[in-house]
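# Notes for the structure review
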Amino acid sequence: LENLQPEIKELAKRLRYEVSVRGKQLGWSEKVARFHFARNMRRIVAELYVRDNCHPFKATVLLWVQVPMWVCVSLALRNCSVGARGSAVQEQFSSGGALWFTDLTAPDSTWILPVSLGLVNLLVVEV
């Protein structure tokens with residue numbers, strides 16, 4: 001979308017000139033000229049989106065999937081850890097880790113998990 005902005009600005013300038021010339025020829029009011037400009041500009045921008053396969057909705061698809069997933073996972077982890085004191089779940093969390101984090105109830109003192117999660121999220125956003 002960002003790569004199309006210079007082309008869209010140039011096309012808008014050209015279309016604005018063509019609409020003003022045509023409007024003077026046909027005696028359009030300013031309101032009618034703005035209507036024709038907006039309608040044709042929407043059509044031109046839609047054609048550019050189709051040509052370059054970059055509809056703005058595609059940029060939000062990941063958000064519509066990622067946010068509900070994040071909320072569900074966060075709530076599931078909270079429900080597993082809160083209120084599970086003294087229960088079998090708490091015992092499994094305290095002895096069910098792997099590698100350097102054998103106790104899932106203790107904070108990660110090495111910061112490996114938070115930093116790696118942040119880097120993976122950055123990679124997802126940048127890619």
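Source: prediction; values computed, not measured. (Residues numbered from 1 in each chain as written. Predicted model: local features only at pLDDT ≥ 70, side-chain atom pairs only at ≥ 80, totals over all residues. Heavy atoms only, no water.)

## A short note on the overall build of the protein
Filter applied, for reference: Strands are runs of DSSP state E lasting at least 2 residues, helices are runs of H or I lasting at least 4, and numbering of each runs from the N terminus. Here the globule rule is a power law, 2.2 Å times the number of residues to the power 0.38, and the radius of gyration is based on C-alpha atoms. Only protein chains enter the accessibility calculation, which uses a 1.4 Å probe. A residue is then buried if its area is under 20% of the maximum for its type, exposed if over 50%, and partly exposed in between.
In terms of regular secondary structure, the protein is built from five helices and zero strands. Each helix and strand of the protein, placed in order from N terminus to C terminus, yields the pattern α-α-α-α-α. Computed over C-alpha atoms, the radius of gyration of the protein comes to 27 Å, more than 25% over the 14 Å expected from 2.2 N^0.38 for 127 residues, which places it beyond the range of a compact globule. Projected onto the principal axes, the alpha-carbon positions of the protein cover approximately 85 × 25 × 20 Å. Scored against the burial criterion, the 127 residues of the protein give a buried share of 13%.

## What about the confidence of the model for the protein?
Defined as follows: Residue-level confidence of the predictor is summarised by pLDDT, bounded by 0 at the bottom and 100 at the top.
Averaged over all residues, the pLDDT of the protein is 85; the fraction at 70 or higher stands at 94%. Across the protein, helix 1 (residues 5-26) holds the top mean pLDDT of 92, while helix 4 (residues 88-95) sits lowest at 74.

## Let's talk about the packing of aromatic side chains
Any two aromatic rings considered together are summarised by their centre-to-centre distance and by the angle between their planes. For clarity, the cut-off: Here the aromatic set is Phe, Tyr and Trp, taking the six-membered ring for Trp, and pairing holds for ring centres within 6.5 Å; pairs whose planes are under 30 degrees apart are stacked, those over 60 apart are edge-to-face, and all others are tilted. Only when the NZ of Lys or the CZ of Arg is both within 6 Å of the ring centre and within 35 degrees of the ring normal is a charge said to sit over the ring.
Under the defined criterion, the tally for this structure stands at zero aromatic pairs. Over the aromatic face of F37 sits the side chain of R16, whose NZ or CZ is 4.5 Å from the ring centroid.

## A few points about unusual backbone geometry
Notably, N53 is not glycine yet its phi reads approximately 55 degrees, a positive angle. Checked against the element boundaries, N53 lands in the loop between helix 2 (30-52) and helix 3 (56-81). Residue N53 is classed as exposed on the basis of its relative accessible area of 54%. A positive phi is found at W111, a non-glycine position, where the angle reads about 65 degrees. Tracing the sequence through the fold places W111 in the loop between helix 4 and helix 5 (112-126). For W111, a relative accessible area of 57% gives the class exposed.

## Let's talk about the pattern of salt bridges
Keep this limit in mind: Within this document, salt bridges are pairs made up of a side-chain nitrogen of Lys or Arg and a carboxyl oxygen of Asp or Glu, the two lying within 4 Å of each other.
Tallied over the full model, the rule gives four salt bridges. For the salt bridge of E47 with R43, the shortest nitrogen-to-oxygen distance reads 3.2 Å. Note that E47 and R43 are positioned in helix 2 at a spacing of four residues, about one turn of the helix. Relative accessible area serves as the criterion here: at 45%, E47 is assigned to the partly exposed category.

## What about a nonpolar patch on the surface?
Convention followed: Patches draw on residues past 30% relative accessible area with no salt bridge. Two like charges within 9 Å are joined, as are two nonpolar side chains (Val, Leu, Ile, Met, Phe, Trp, Tyr) within 5 Å. Per-residue and other accessible areas were derived by the Shrake-Rupley procedure at a 1.4 Å probe size, with only the shown protein chains allowed to occlude residues.
A contiguous nonpolar patch, built from F57, V61, W64, V65, M69, V73 and L77 and spanning about 740 Å² of accessible area, is present on the exposed surface. Along the polypeptide, V65 turns up in helix 3.

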